[in-house]
Structure formats: C-alpha cells, structure tokens
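Take a look at the letters that make up each chain.
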Amino acid sequence: MDVLLAVFSEEGQKHVAAGTSVLSYNKEVKIAPTHALEYVQDCIKSNHLYMRLASTEVFAISQDVAHKMMLGEYDAKGAYEDFNAQITNYKNPEAEEVLFTQKTAYSNDFGVHGSPAASSLMNTLREANEDQIAIGYASVASSPVFAGDYTMQQVKWIMTFRNALYCGEYTGAEIRRIMDWLVNVKEDGSNPVHHRNQMPVTSGMEYTVTETERGKFTLGDITVNGKPLDDNAEYTVLLVGADTYLEHPTFCNCPMPEDLKNKREDYYVNDYTSQEYIQIALEKTGQFLEPTEYVTILQNK
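Let us look at the structure shown here.

Definitions and cut-offs
Residues numbered from 1 in each chain as written. Predicted model: local features only at pLDDT ≥ 70, side-chain atom pairs only at ≥ 80, totals over all residues. Heavy atoms only, no water. Buried < 20%, exposed > 50% of the residue type's maximum accessible area, 1.4 Å probe, protein only. Helix = DSSP H or I, 4+ residues; strand = E, 2+ residues; numbered from the N terminus. Arc of directions from axis to C-beta. Contact = heavy atoms within 4.5 Å. Expected span 1.5 Å × (residues − 1). Pairing = 2+ DSSP bridges. Axes fitted to C-alpha atoms, helices over the stretch in contact; angles between N-to-C directions. Parallel < 35°, antiparallel > 145°, perpendicular 65-115°, else oblique. Nonpolar A, V, L, I, M, F, W, Y, C, P; charged D, E, K, R; others polar.

### A short note on helix 2 (residues 10-17)
Given 3.6 residues per helical turn, the α-helix brings residues three or four places apart onto the same face.
Step number 1: For helix 2, every residue scored as buried is listed here: G12, Q13 and A17. Projection of helix 2 onto a plane perpendicular to its axis shows the buried side chains occupying an angular sector of 135 degrees, all on one side. When the buried face of helix 2 is taken as reference, the exposed residues oriented beyond 90 degrees from it are E11 and H15.
Step number 2: Packed against the buried residues of helix 2 are helix 1 (2-8).
Step number 3: Positive phi shows up at A18, right after helix 2, with a value of about 45 degrees.

Below, the structure is given as structure tokens:
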C-alpha cells in the first residue's frame with residue numbers, strides 16, 4: 001500500500017511522467033500536458049478513454065483514415081475526428097457470429113441448492129439430448145451465465161475445458177454407486193469433495209447430503225422427478241466431467257470403481273468435444289435453460 005500510495009500521489013506521478021506525455025487517472029493529481037497533446041485536448045477535457053487498443057483495430061482504422069486523407073476527403077482535423085469516431089465504435093469485420101441472445105443471467109456462486117450456472121448448463125445438455133438424468137462433476141461450469149449475445153467463444157468460456165462425455169443406460173443402483181463415488185468420504189479417508197463447488201451437478205435428479213464436518217459429506221436421499229430413485233429401474237444418463245482431480249493421489253485420491261469405469265468407457269461420446277456438445281444443445285434450446293434446485297445440504301447435529 002505504501003508503494004501504491006507513493007506511485008499514485010502527485011509527486012510520484014510527476015516522477016513517472018519525467019516530462020513525457022502522461023495523463024493521470026487520479027483527479028487530485030495535476031500534470032500539465034505537453035505540447036504533443038495539444039491536439040487532443042477535447043478528449044482530455046471530456047475524460048474520454050480508449051479502453052482497448054488492439055493493434056489490428058488501430059492499424060485498420062489508421063489505414064482507412066490515411067487513405068481518405070490522401071484522396072482529399074478531409075483534412076487533418078477531419079481525419080482525427082473520423083479516427084476517434086471509428087475507434088470508439090469499432091466493428092470488427094471478422095467478428096464471430098452471434099449464436100443466440102441469452103435473456104436471463106445465472107450466477108456461478110454456490111448457493112443453498114447449488115450453482116445456478118452449473119445447473120443451467122447441465123439442464124441444457126440433458127434436455128437437448130433427451131436424457132433422463134445428467135450428472136456433471138469436476139466443476140463443469142467455469143463462469144456465470146450472462147444475459148446478452150453469445151458467440152461460440154463465449155459459449156466455450158461457460159464450460160470448463162476437456163470434460164469427457166459418456167451417455168448410456170444405468171440402473172438406479174449403479175447411479176447410486178456413481179453418486180457415492182462423487183460424494184462420500186472413503187474408508188481410507190479420501191475425500192472427493194474438498195469444497196462445495198466440487199459437489200456433483202445433477203439434472204433430472206435431486207439429492208441430499210449431510211455435512212458431517214467441515215468439507216466432508218455423506219450422501220442421503222436421491223429422487224427423480226420427486227420420487228425415490230428406483231434401484232431396479234434403468235435410466236438414460238449423461239455423465240460430464242474429468243477424472244484427473246478426483247483420481248490423482250495428491251488431490252482427492254478417489255478413483256471410480258473399476259466395474260463402473262469399464263462400463264462407462266463403452267458409453268464414451270467420441271464424436272464431439274464437450275464444448276461442441278453444448279453448442280449443438282444450444283442450437284436446439286436457443287438459451288441456457290433455467291436452473292433447478294438439485295442439491296440440499298443438511299448439517300450434522
């Protein structure tokens with residue numbers, strides 16, 4: 001803090017300026033502009049800032065303005081005004097296509113019943129692909145869902161990278177064992193959930209856990225459409241996640257039971273990456289769907 005206060009003080013910024021063209025964002029600091037800035041005094045007085053100056057944008061606009069000056073379309077002042085207008089309202093001709101416009105934003109903060117953004121993501125995947133249940137693990141959502149236009153790159157930012165996809169038939173008993181793997185502390189003390197953001201994110205299925213002590217949980221009830229999970233019934237299940245953190249001996253040290261892993265490999269979706277999968281889902285739904293309350297955390301008394 002002492003360093004920052006020194007740098008942002010009037011004396012500090014005058015030393016930094018060292019007679020060059022420097023503008024201070026600190027309103028309490030007064031540094032007289034040099035002669036080189038006399039032509040941009042209108043921007044300085046209006047406190048106008050160019051928030052992003054990518055070289056490709058500056059070059060394209062400079063080329064356009066210089067060309068028009070040579071053609072005599074305007075003088076230096078006109079070129080300056082046109083340059084200023086273009087760069088403050090720049091439209092990249094190579095900008096990515098807008099895929100859809102999201103109407104509702106969802107936070108990625110873990111709340112009373114889980115992460116709304118993660119739930120929205122898994123609901124979108126499940127409903128678009130008409131699976132009965134979807135289970136996401138290893139923090140499938142990397143950011144909130146914002147309201148506004150989405151390009152493919154922005155869609156990719158919502159979902160964490162390198163998730164594997166598996167889709168197939170599981171019995172209720174097998175689903176219960178998968179949830180046990182993802183939630184319960186193991187006999188040797190290994191823990192798959194070090195903090196709440198690592199809770200599995202489910203769609204089409206709800207579950208309860210009891211926090212027995214800080215950061216340690218025990219799986220409770222599992223329901224599908226409000227009814228208890230039927231151990232004998234078969235369900236179409238979409239699994240989304242990565243095993244690396246869960247299985248690594250330095251981290252969670254919780255490998256998936258071998259028989260479940262072998263079965264899961266038969267269901268591997270190798271036609272798409274997880275980010276291509278969500279793009280295809282969004283083409284069907286047109287939106288990240290509304291989140292649901294997929295988990296309830298109880299405290300051990």
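### Observations regarding helix 11 (residues 274-285)
Step number 1: The terminal C-alpha atoms of helix 11 lie 16 Å apart, and with 12 residues this matches the ideal 16 Å at 1.5 Å per residue to within 8%.
Step number 2: Here helix 11 has its buried residues at S274, Q275, Y277, I278, A281 and L282. One side of helix 11 carries all its buried residues, which in axial view fall inside an arc of 150 degrees. Looking at helix 11, the residues exposed on the side facing more than 90 degrees away from the buried face are E283 and K284.
Step number 3: Looking one or two residues past helix 11, G286 carries a phi angle of roughly 75 degrees, positive in sign.

### As for the sheet that holds strand 7 (residues 216-224)
Step number 1: One open sheet holds the four strands; their spatial order is 8-7-6-10, and the pairing between them is mixed. Both outer strands of the open sheet, strand 8 (227-228) and strand 10 (295-299), are each paired with one neighbouring strand and no more.
Step number 2: Summarising the sheet, strand 7 and strand 8 pair through two bridges and their orientation is antiparallel. Bridging across to strand 8, V224 finds its partner in K227.
Step number 3: Running at roughly 155 degrees to strand 7, helix 8 (residues 172-183) makes contact with strand 6 (206-213) and strand 7 of the sheet.

### Side note on the packing of helix 6 (residues 116-129) against helix 11
Step number 1: The geometry of helix 6 relative to helix 11 is characterised by a closest axis approach of 9 Å and an angle of 70 degrees between their N-to-C directions. As far as their axial angle goes, helix 11 and helix 6 are roughly perpendicular. Between helix 6 and helix 11, the contacting residues are L121, T124, L125, A128 and N129 on the first element and Y277, I278, A281, L282, K284 and T285 on the second.
Step number 2: Along the lines of polarity and charge, the residues of the contact of helix 6 with helix 11 split into seven nonpolar, three polar and one charged.

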